[in-house]
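Close look at the chain arrangement
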Amino acid sequence: MVRTLPNAIIVLLAIVSLTCCSPWRSVEALDLIRDIAAGEAPSALKRETADPIRQTITYTVAGRHYLGDIYRPGEGQAKAAAVFVPGVVKDGKDDPRLVAFAKSFARMGFLVLVPEIPNLRALVISASDSQVIADAIRHLAAASEFDDKQDVGLFAFSYAAGPALIAAMEPDTRHLVRFVYVVGPYYSVESVVTYFTTGYYRLAPDEPWSTGQPNPYARWVFLRSNAGKVEDPSDRAALIAIAERKLADANAEISDLIQGLGPQGRSVYALLTNRDPDRVHDLIAQLPLPIREEMNALDLSRRDLSSLQTRLVIMHGRTDPMIPFTEGVALAQAAQDSADLYVLDSLGHVELELSGLCDFYKLWKVTYIILAERDGMPPPHYAAPSAPGRRSPNAGEAPHERQ
């Protein structure tokens, strides 16, 4: 998300935009950036467009039932359709940052579907959630009367980028996704674990280590995500308690919980407290089998990304405290010609505080690319299913049309 946008930079980018293939699209890109920067505050785009309509719906795919939010332009026909994947946050699809982001894109003509993913709301990252995302793609394509073409966009942030990319590579979805846009993604699970436990990262095994300042939040989310897979019930309960204490207060005392850990719990805690990057591989090998299986299922470096038959746009912060920027670089290298990579100095994880022309230009270019994809997509003829007869979890609003 963008927090600041100095007017001097906007003027410079406006001048540059006049040299592009579509000056009007260039202006739209600037308006969209400014609206994202404003969040729920006033902006030029808000003054010029009707309020988007947000509607909570239920939908069914192959007998599987889901809850989600649809965002529509406040007036006129939508120009393109996209699925937005919630992040690993307790508010899930109702996270205020995601809501504002989806509204900005609805103002730009996107019909947006944000599926409810209970695991992500519970701070659990699972490869099985790729089915939830793939079904959101299938639903949006079918309900929009799209045929077997690349007609749906896909947006994902941080750790949710893994399940999203897995969903986009399913045999029956890879032909439905026109582009995938990810911010702060990972590529190798082992590399990410190395970073948030030790602070070390590198682009390739034969390169020297570099050091960063990882946010401890990632370490405890990893623990919360995997604690439930520990077979020993006593260790499972203790690890969950450790994670919840640390997520609530990074300085919380946990010695009382550590003392009672058995072999399985100690193997997990040993990985989380290790500070030697060269020990990470062996420590992972000592984890309980269900945890290792889940890590392998989420690991994009174990997958053939050539099955991703779509354009991949990657944006990553050079000082990302959750996932090092080298993961975005590695993902782009693995995707080869289908990937566009933009590394920004002023992007932390998913929060932008832009401070230079170079980063502004990169953000503007990414936005221009997405709008160009929008203009090449067919308009969705989407008829939303009936709204559910209950409140959306933590939504704070009735699950009907809302602005």
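Residues numbered from 1 in each chain as written. Predicted model: local features only at pLDDT ≥ 70, side-chain atom pairs only at ≥ 80, totals over all residues. Heavy atoms only, no water.

Moving on, we get to the overall build of the chain. Helix and strand content of the chain: 16 helices and 10 strands. Across the 403 residues that make up the chain, the buried fraction comes to 58%. By element, 51% of the accessible surface of the chain is carried by carbon and sulfur atoms, the whole surface being about 16,400 Å². (Helix = DSSP H or I, 4+ residues; strand = E, 2+ residues; numbered from the N terminus. Buried < 20%, exposed > 50% of the residue type's maximum accessible area, 1.4 Å probe, protein only. Areas by Shrake-Rupley, 256 points an atom, 1.4 Å probe, with all protein chains shown as cover.)

As a further point, take the confidence of the model for the chain. Chain-level statistics for the chain give a pLDDT mean of 89 and a share of 88% at 70 or above. In the model, residues 390–403 has pLDDT below 50 throughout and makes 41 contacts with residues more than four positions away in sequence or in other chains. (pLDDT = per-residue confidence, 0-100. Contact = heavy atoms within 4.5 Å.)

The contact between helix α8 (residues 189–198) and helix α9 (residues 216–227) brings their axes to 8 Å, and the two run at 125°. When the interaxial angle is binned, α8 and α9 end up oblique. For the pair α8 and α9, the sense of crossing is left-handed. Contacts from Val193, Phe196 and Thr197 of α8 reach α9 at Ala218, Arg219 and Phe222. Counted by class, the contact of α8 with α9 contains four nonpolar, one polar and one charged residues. (Axes fitted to C-alpha atoms, helices over the stretch in contact; angles between N-to-C directions. Parallel < 35°, antiparallel > 145°, perpendicular 65-115°, else oblique. Left-handed = near helix turned anticlockwise from the far one by under 90°. Nonpolar A, V, L, I, M, F, W, Y, C, P; charged D, E, K, R; others polar.)

This part covers the pairing of strand β2 (residues 64–72). As paired elements, strand β1 (residues 53–61) and β2 share nine bridges and run antiparallel to each other. Across the sheet, Arg54 pairs through a bridge with Tyr71, a residue of β2. In the sheet, β2 pairs with strand β4 (residues 110–115) via four bridges, with the strands oriented antiparallel. For Tyr71, the partnering residue across the bridge sits in β4 and is Val112. (Pairing = 2+ DSSP bridges.)

Turning our attention to helix α12 (residues 263–273). Listed in full, the buried residues belonging to α12 are Gly265, Ser267, Val268, Tyr269, Leu271 and Leu272. The elements touched by buried residues of α12 are α8, α9, α10 (233–248), α11 (255–258), α13 (280–285) and α14 (289–298).

Under the counting rule described, the total for this entry stands at 23 salt bridges. Of the charged contacts in the structure, one is a salt bridge between Asp135 and Arg64, with a shortest N-O distance of 2.7 Å. One end of the pair, Asp135, is in helix α6 (residues 129–143); the other, Arg64, is in strand β2, and 71 residues separate them in sequence. Judged by relative accessible area, Asp135 falls into the buried class, the value being 0%. Classification of Arg64 as partly exposed rests on a relative accessible area of 27%. Ionic pairing is found between Arg245 and Asp256, a salt bridge with its closest N-O pair at 2.9 Å. On the criterion of sequence distance, the pair formed by Arg245 in helix α10 and Asp256 in helix α11 is long-range, its members being 11 residues apart. Residue classification places Asp256 among the partly exposed positions, given a relative accessible area of 44%. One continuous salt-bridge network, built from bridges that share partners, spans Arg54, Asp69, Lys93, Asp94, Glu116 and Arg121. (Salt bridge = Lys/Arg side-chain N within 4 Å of Asp/Glu carboxyl O.)

Take the packing of aromatic side chains next. According to the stated counting rule, one finds 19 aromatic pairs in the structure shown. Taking the centre distance of 4.9 Å and the plane angle of 55° together, the rings of Phe101 and Phe105 count as tilted. Linking Phe101 with Phe105, this pair stays in helix α4 (residues 96–107), spanning four residues, or about one helical turn. For Phe101, a relative accessible area of 6% gives the class buried. Phe105 sits in the buried class, given a relative accessible area of 3%. Seen in terms of ring centroids, Tyr195 and Tyr201 are 5.8 Å apart; in terms of plane orientation they differ by 80°. Their pairing is edge-to-face. Like Tyr195, the residue Tyr201 is buried in the burial classification. (Phe/Tyr/Trp six-rings, centres within 6.5 Å; stacked < 30°, edge-to-face > 60°.)

What follows is about helix α16 (residues 357–375). Its 19 residues place the ends of α16 26 Å apart at the C-alpha level, agreeing with the 27 Å of an ideal helix rising 1.5 Å per residue. Restricting attention to buried positions, one finds in α16 the residues Asp359, Phe360, Leu363, Trp364, Val366, Thr367, Tyr368, Ile369, Ile370, Leu371, Glu373 and Arg374. (Expected span 1.5 Å × (residues − 1).)

Relative to the helices and strands, Ser307 resides in the loop between α14 and β9 (311–317). Polar contacts involving the side chain of Ser307 include one to the main-chain carbonyl oxygen of Asp304, which spans 3.0 Å. (Polar contact = N/O pair within 3.5 Å; in protein donor to acceptor, adjacent residues only side chain to side chain.)

The relative placement of two packed helices comes down to the angle between their axes together with the axis-to-axis distance. Running from N to C, α6 and helix α7 (residues 161–168) cross one another at 55°; their axes reach a closest spacing of 8 Å. As far as their axial angle goes, α7 and α6 are oblique. Regarding α6 and α7, the two cross each other, and that crossing is right-handed. For the pair formed by α6 and α7, the contact residues are Asp129, Ser130, Ile133 and Ala134 on the first element and Pro163, Ala164, Ile166 and Ala167 on the second. Looking at side-chain class alone, the contact of α6 with α7 contains six nonpolar, one polar and one charged residues.

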